[in-house]
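Chains, contacts and geometry: an overview
Next come the chains, spelled out residue by residue.
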Amino acid sequence: MADNHLQEWTEKAGLENLRGRLATGDFLVTQANTLLSILLVGIGGGLAYAVKLADAPNPSPFVGGMVLVTAWLCVVAAVLTSKCIVTRETPMLYNEPKNLFQPDLKLTLDEVRGFELKNIQGRIEAAKKRNATVATWLDRCRYAAIAAPAAFILGAVAAAYL
């Protein structure tokens, strides 16, 4: 009887762990979408300002800076989208009934529950891997976005001396 309580507790803990990891994955994608929105605003502003500077009678070297920073933000947005936001397989919280109910196998309820515990652990591992990948690339894109002023300076200096 004690094993049954342990098994029930383990199942509940495993499902709560998986539920938390899925929520973390949703949060990471939300953060990536927020960053993408900010990048798109920056891209639009950079393009508008570059056009305004380029239309001046004597174009400033800042045009080069704006062009490079806008291109930089476009690359960061593309990487963010492909590594963090793109639709990918996500583990489900619960297994499908057709996988759980298989009377032809003549398994006991405890055996099925034992197999399902292993499946839950596999789904937890998949969610951990997915979240780690998204979190790593999200942080990289954040750092790259922070480097945008350096891209502006590099572009402005290059335009001034070319």
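First, a word on scope: everything that follows refers to the structure included in this document. Not measured: the values here are computed from a predicted model. (Residues numbered from 1 in each chain as written. Predicted model: local features only at pLDDT ≥ 70, side-chain atom pairs only at ≥ 80, totals over all residues. Heavy atoms only, no water.)

**So, the packing of aromatic side chains**
Which entries qualify depends on this criterion: Only the six-membered ring of Trp is used, alongside the rings of Phe and Tyr, when aromatic pairs are assigned; centres must lie within 6.5 Å, and planes under 30 degrees apart are stacked while those over 60 apart are edge-to-face, with the rest tilted. Charge over a ring is defined by NZ of Lys or CZ of Arg lying within 6 Å of the ring centre and within 35 degrees of the ring normal.
Scanning all chains against the criterion turns up 1 aromatic pair. Taking the ring centre of W137 as reference, the NZ or CZ of R140 above it sits at 4.6 Å.

**Here's the deal with the packing of helix α2 (residues 62–85) against helix α4 (residues 109–146)**
When two helices pack together, their arrangement is given by the angle between the helix axes and by the axis-to-axis distance. Put simply, the rule is: Every axis in this analysis is a line fitted to C-alpha atoms, fitted for helices over the stretch in contact. Angles between the N-to-C directions lie between 0 and 180 degrees. Counting from the N terminus, the helices are the DSSP runs of H or I reaching at least four residues and the strands are the DSSP runs of E reaching at least two. Any angle between 65 and 115 degrees counts as roughly perpendicular, while under 35 counts as roughly parallel, over 145 as roughly antiparallel, and the rest as oblique. Any two residues whose heavy atoms approach within 4.5 Å are treated as being in contact. For this classification, the nonpolar set comprises Ala, Val, Leu, Ile, Met, Phe, Trp, Tyr, Cys and Pro, the charged set comprises Asp, Glu, Lys and Arg, and every other residue, Gly included, is treated as polar.
Running from N to C, α2 and α4 cross one another at 170 degrees; their axes reach a closest spacing of 9 Å. For the element pair α2 / α4, the angle class is roughly antiparallel. Where α2 approaches α4, its residues W72, V76, V79, L80, K83 and C84 are matched on the opposing element by V134, W137, L138, C141, A144 and A145. Split by residue class, the contact of α2 with α4 holds 11 nonpolar, no polar and 1 charged.

**Looking at the side chain of R123**
What counts, and what does not: We call a residue buried when its accessible area falls under 20% of the maximum for its residue type, exposed when it is over 50%, and partly exposed in between, using a 1.4 Å probe and counting protein chains only. Polar contact is defined as a pair of N or O atoms within 3.5 Å, subject to the rule that within protein one atom must be able to donate a hydrogen and the other to accept it, and that residues adjacent in sequence are counted only when both atoms are side-chain atoms.
Examined against the element boundaries, R123 turns out to sit in helix α4. Using a relative accessible area of 12% as the deciding quantity, one classes R123 as buried. Looking at R123, its side chain comes within polar contact range of the main-chain oxygen of M92, at 2.8 Å.

**So, α4**
We count it as follows: One less than the residue count of a helix, multiplied by 1.5 Å, gives the span that helix is expected to have.
Helix length check: α4 (38 residues) gives 54 Å between terminal C-alpha atoms against 56 Å at 1.5 Å per residue, within 8%. Taken together, the buried positions of α4 are R113, E116, I120, R123, I124, A127, R130, N131, V134, L138, C141 and A144.

**Observations regarding the layout of surface pockets**
Our working definition: Only protein atoms enter the 1 Å grid used here. Points where a 1.4 Å probe fits but cannot escape make up a cavity, open sets with protein on both sides within 12 Å along at least five of seven lines make up a pocket, and a residue lines them when an atom lies within 4 Å of a point. Grid points are joined across faces, edges and corners, and a volume is the space filled by probe spheres set on the points.
Of the volumes computed, that of the largest pocket is approximately 400 Å³. Lining the largest pocket are 21 residues, with L100, F101, V112, R113 and E116 sitting closest to its centre. At the level of secondary structure, the elements contributing two or more residues to the lining of the largest pocket comprise α1 (2–54), α3 (97–100) and α4. Of the residues that constitute the lining of the largest pocket, the class distribution is 12 nonpolar, 4 polar and 5 charged.

**Brief notes about the pattern of salt bridges**
Condition: Here a salt bridge means any side-chain nitrogen of Lys or Arg lying within 4 Å of a carboxyl oxygen belonging to Asp or Glu.
As enumerated under the stated definition, the model contains 6 salt bridges in all. Among the salt bridges present, the one from E125 reaches K128, with a minimum N-O distance of 3.7 Å. In this pair, E125 and K128 are both assigned in helix α4, 3 residues apart and thus about one turn of the helix distant. Residue classification places K128 among the partly exposed residues on the basis of a relative accessible area of 34%. The closest approach of N and O atoms between D139 and R142, which form a salt bridge, is 3.3 Å. Taken as a pair, D139 and R142 lie in helix α4 at a separation of 3 residues, close to a single helical turn. When its relative accessible area of 31% is taken as the criterion, R142 is described as partly exposed.

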